[in-house]
Amino acid sequence: MSAPTRTDTDDEDVDGDGDVDDRGDVDADASSATTGGSVDGLRAARPADVAAARGDRDRPPRADEAPLVGKLPQLARDPDEYYRELGAGYDADAVAYSVNRTEAVMLTHPEYVQAVLVEEASAFRKGEVLSRAFDGFAPNGLVASEGEQWARDRKLLQPAFYRERVETYADAMVGEAERTADEWADADVVRVDADARNLTLRIIARTMFGTDLSGKGAIIGEAAEAILARTSPQNLSSFLPVWVPTPSNRRFVATMREFRDVMSELVAERRASDEDGDDLLSILADAEYDDGTSMDRDVVKDHLVTFVFAGHETTALLLTWTLWELARNPDAQATLHSELDGALGSPGTPAAGESATPDAVRDLQYLDAVVDESLRLHPPAYNTFREATRDVEVGPWTIPAGTTVTIPQLVVHRDDRWYDDPLAFDPDRWTSAMRDALPEYAHYPFGGGPRSCIGNRFATLEAKLALATVLSRFEVEPVTESVEYQYSATLQPDRPVELRFRER
Ligand code: HEM
């Protein structure tokens, strides 16, 4: 595994005129001369050539824009392939490009990922891409907020995610997983993507909001549906600001308003009750900042809606992709079955039917490997965006203020420098030697640094408990023959994923 290095010709200022504009753009002739003006040309170009032609040593090599403009539809359809082509030929692990006149840099080395998320985190904010995505739906929630407001709210909400606290949610997680397993026992074919989403939504409703999805809680499901539709690339309205009065935008705004009103009622009920929980709703109901002010109603709504969105869809995808891969990889499934039988009892033995608990799943190394491998190959959050707030050094490169930075999990997790046969689903690769040798940010499904996923422990425990509950009982077989990605806000299957569950 090699560390990132600049090529030795980087230091040459070939044309020596220093004639580079503010952003360090290459003039068109020099650029096309070195890249050849085609995707193949892009592959052939070396970073040193490009940097030399630009007379600029420190800026990441720039992809020729001409072929990329023509490939914009592909960015929407298949970002994985797009980013691969963008990066192909650049052994610099950094490439500059622009989309819709936004200057961007893609970084694909784990050390650069770590620099952006951790070491130089203060030089970045979430920025344009995120604020556009969350505009009109949860601009003040934890995923999209910035600066002081983010820091003080993150501190306030953190206790709902302490390890001890998360483990108290285990009964609800297992109870809901058992209910799903009972439904699957009676079904011939299961639509696992839809059922996994329903399962994780019920778990969020119970653990974070202290309610179920009936009565007032029904709005949680409606809000989840509305957000999913809003963030789907198939919905044309998702490209328009939320205030443009299309029918679907109007429905979306109405659903969000109703969600806010119902949540205000739930918060008021919680305030009036003696219940002294420290789930999310209780924390928000009691929230008071150091200066004695309390949280605005819309900010409370933004937090809650963020947790509905961030807290269920991602984990549902983790469950879906994992069950899909296990169904197609009977050897991996058999290994997991025998590990689960050791922990929870084999079917037909007196211990069989033990419910999964945090203690029982804590040291299951193969289950850990299955989850890590699934998050590697099919990362539900498949790209991470930042915007540089000042000129910042990342490895050998200077990223100019205002640049959008993308650090795509989907690309870094499939790099054959870190993973042999990277497109194969192979939990056995996760040996302790491999874990020791892996660069820390070659696997970052939950991000990293101050803005890392607050729900990391919650999601991991939930997935492990649900998988243990279901797979200690069933063998799973594929029904759907193949699945492609649909690149939405998260990495979704492009069609219903149908599996068959047989009692063991
Ligand atoms: C497999 C499941 C999950 C994955 C893959 C995932 C992934 C991520 C990633 C990559 C980030 C960082 C985004 C960035 O740096 O821009 C993030 C942030 C976040 N996630 Fe998750 N997440 C998962 C589950 C959850 C759950 C269960 C919750 C809540 C119950 C949650 C709540 C959040 C929140 C609130 C943030 C924003 C944190 C902040 O900026 O302070 N996530 N998640």
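Predicted model, so just to flag it, every value in this text is computed and none were measured. (Residues numbered from 1 in each chain as written. Predicted model: local features only at pLDDT ≥ 70, side-chain atom pairs only at ≥ 80, totals over all residues. Heavy atoms only, no water.)

### Concerning the overall build of the protein
Then comes step 1: When helices and strands are tallied, the protein shows 22 helices and 12 strands.
Then comes step 2: Within the span of the protein, comprising 504 residues, buried residues form 54% of the whole.
Then comes step 3: Residue pairs at least 24 apart in sequence account for 73% of intrachain contacts in the protein once pairs closer than 6 positions are excluded. (Helix = DSSP H or I, 4+ residues; strand = E, 2+ residues; numbered from the N terminus. Buried < 20%, exposed > 50% of the residue type's maximum accessible area, 1.4 Å probe, protein only. Contact = heavy atoms within 4.5 Å.)

### A look at the pairing of strand S5 (residues 385–388)
Then comes step 1: Pairing analysis gives 2 bridges linking strand S3 (residues 124–125) to S5, with the strands arranged antiparallel. Following the sheet pairing, Arg-125 is matched in S5 by Glu-387.
Then comes step 2: Sheet topology note: the S5/strand S8 (residues 404–406) ladder contains 3 bridges and is antiparallel. Bridge pairing links Phe-385 to Thr-406 in S8. (Pairing = 2+ DSSP bridges.)

### Topic: the site of the ligand
Then comes step 1: What surrounds the ligand is a group of 27 residues, the closest being Trp-150, Arg-154, Arg-386, Arg-451 and Cys-453.
Then comes step 2: For the ligand, an oxygen atom lies 3.1 Å from a polar atom in the side chain of Lys-126.
Then comes step 3: Trp-150 is positioned such that a nitrogen or oxygen atom in its side chain is 2.7 Å from an oxygen atom of the ligand.
Then comes step 4: For the shell around the ligand, the secondary structure elements donating two or more residues are helix H9 (147–157), helix H16 (297–328) and helix H22 (456–471).
Then comes step 5: Counting residues per element, the shell around the ligand draws most heavily on H16, at 6 residues.
Then comes step 6: Looking at the shell around the ligand, its residues break down into 15 nonpolar, 8 polar and 4 charged. (Near = heavy atom within 4 Å. Polar contact = N/O pair within 3.5 Å; in protein donor to acceptor, adjacent residues only side chain to side chain. Nonpolar A, V, L, I, M, F, W, Y, C, P; charged D, E, K, R; others polar.)

### A look at the sheet that holds S8
Then comes step 1: Taken in spatial order, the 5 strands make up an open sheet running S1-S2-S8-S5-S3, and their pairing is mixed. Since the sheet does not close on itself, it has two edges, and those belong to strand S1 (94–99) and S3, each with one partner.
Then comes step 2: Helix-sheet contacts for helix H7 (residues 110–119) involve strand S2 (102–107), S3, S5 and S8, and the interaxial angle to S2 is about 125°. (Axes fitted to C-alpha atoms, helices over the stretch in contact; angles between N-to-C directions.)

### Regarding the confidence of the model for the protein
Then comes step 1: Across the protein, the average pLDDT comes to 81, with 80% of residues at or above 70.
Then comes step 2: When pLDDT is averaged over each helix and strand of the protein, the minimum, 28, is found for helix H1 (residues 28–35) and the maximum, 98, for helix H19 (residues 365–377).
Then comes step 3: Throughout residues 65–70 the model reports pLDDT below 50, and contacts reaching past four residues in sequence, or to other chains, amount to 8 contacts. (pLDDT = per-residue confidence, 0-100.)

### Things to note about the packing of aromatic side chains
The description of an aromatic ring pair uses the distance of the two centres, along with the angle that the planes make with each other.
Then comes step 1: Inspection of the entire model under this criterion finds 10 aromatic pairs.
Then comes step 2: Ring geometry for Phe-161 versus Phe-458: centroids 6.4 Å apart, planes at 65°, classification edge-to-face. Of this pair, Phe-161 sits in the loop between H9 and helix H10 (163–168) while Phe-458 sits in helix H22, placing them 297 residues apart in sequence.
Then comes step 3: The exposure class assigned to Phe-161 is buried, which follows from its relative accessible area of 4%. (Phe/Tyr/Trp six-rings, centres within 6.5 Å; stacked < 30°, edge-to-face > 60°.)

### Side note on the sheet that holds strand S9 (residues 474–478)
Then comes step 1: Pairing is antiparallel in the open sheet, where 3 strands are placed in the order S4-S12-S9. Whereas interior strands pair on both sides, the edge strands pair on one side only; in this sheet they are strand S4 (190–191) and S9.
Then comes step 2: Pairing of S9 with strand S12 (residues 498–503) involves 5 bridges; the strand directions are antiparallel. Along S12, the bridge assignment pairs Val-476 with Phe-501.
Then comes step 3: In the packing of helix H11 (residues 170–185) onto the sheet, the strands contacted are S4, S9 and S12, and the crossing angle to S9 comes to about 65°.

### Here's the deal with the packing of helix H12 (residues 192–209) against H22
Then comes step 1: Look at H12 against H22: their axes get within 12 Å of each other, and the N-to-C directions meet at 125°. If you check the angle between H12 and H22, you find them oblique. The two elements H12 and H22 meet at a crossing, and its hand is right-handed. For the pair H12 and H22, contact is made by Leu-199, Thr-200, Ile-203, Ile-204, Thr-207 and Met-208 and by Phe-458, Glu-462 and Ala-466, respectively. (Parallel < 35°, antiparallel > 145°, perpendicular 65-115°, else oblique. Left-handed = near helix turned anticlockwise from the far one by under 90°.)

### Comments concerning H22
One turn of an α-helix holds 3.6 residues; hence residues three or four places apart share an orientation.
Then comes step 1: For H22, spanning 16 residues, the distance from its first C-alpha to its last is 22 Å, which sits close to the expected 22 Å at 1.5 Å a residue.
Then comes step 2: In terms of burial, H22 is a largely internal element, 13 of the 16 residues being buried. (Expected span 1.5 Å × (residues − 1).)

### Describing the nonpolar core
Then comes step 1: Grouped together as the largest cluster of nonpolar side chains are 101 residues, with contacts concentrated most on Phe-209, Phe-259, Leu-280, Leu-304, Phe-458, Leu-499 and Phe-501.
Then comes step 2: Considering every element that reaches this core, the biggest residue donor is H16, with 16 residues.
Then comes step 3: If near-sequence neighbours (up to four positions away) are discounted, Leu-304 is found in contact with Phe-209, Phe-259, Met-263, Leu-280, Leu-281 and Leu-284.
Then comes step 4: Grouped together as the second largest cluster of nonpolar side chains are 21 residues, Phe-124, Val-394, Val-412 and Tyr-441 included. (Core = buried A, V, L, I, M, F, W, Y, C linked by side-chain atoms within 4.5 Å.)

### Regarding H16
Then comes step 1: For H16, spanning 32 residues, the distance from its first C-alpha to its last is 47 Å, which sits close to the expected 46 Å at 1.5 Å a residue.
Then comes step 2: Across the 32 residues that make up H16, a large majority, 27, are buried.
Then comes step 3: N-cap assignment for H16: the residue whose side-chain oxygen lies 2.9 Å from the backbone N of Asp-298 is Asp-296.

### Considering the pattern of salt bridges
Opposite charge on two side chains allows them to pair when their charged atoms are near.
Then comes step 1: Across all of its chains, the model carries 30 salt bridges by this definition.
Then comes step 2: Close ionic contact of Glu-269 with Lys-216 constitutes a salt bridge, the shortest N to O distance being 2.4 Å. Taken as a pair, Glu-269 in helix H14 (residues 247–272) and Lys-216 in the loop between H12 and helix H13 (218–230) lie far apart in primary sequence, 53 residues in all.
Then comes step 3: Under the relative-accessibility criterion, Lys-216 is labelled partly exposed at 37%.
Then comes step 4: Residue Arg-362 is joined to Asp-359 by a salt bridge in which the shortest nitrogen-to-oxygen separation is 2.7 Å. Taken together, the residues Arg-362 and Asp-359, both in helix H18 (residues 358–362) and 3 residues apart, mark about one turn of the helix.
Then comes step 5: Overall, Arg-362 belongs to the partly exposed group, its relative accessible area being 37%.
Then comes step 6: Here Asp-359 falls in the exposed class, since its relative accessible area comes to 56%.
Then comes step 7: Beyond isolated ion pairs, a larger network of salt bridges with shared partners links Glu-176, Arg-179, Glu-183, Arg-202 and Arg-206. (Salt bridge = Lys/Arg side-chain N within 4 Å of Asp/Glu carboxyl O.)

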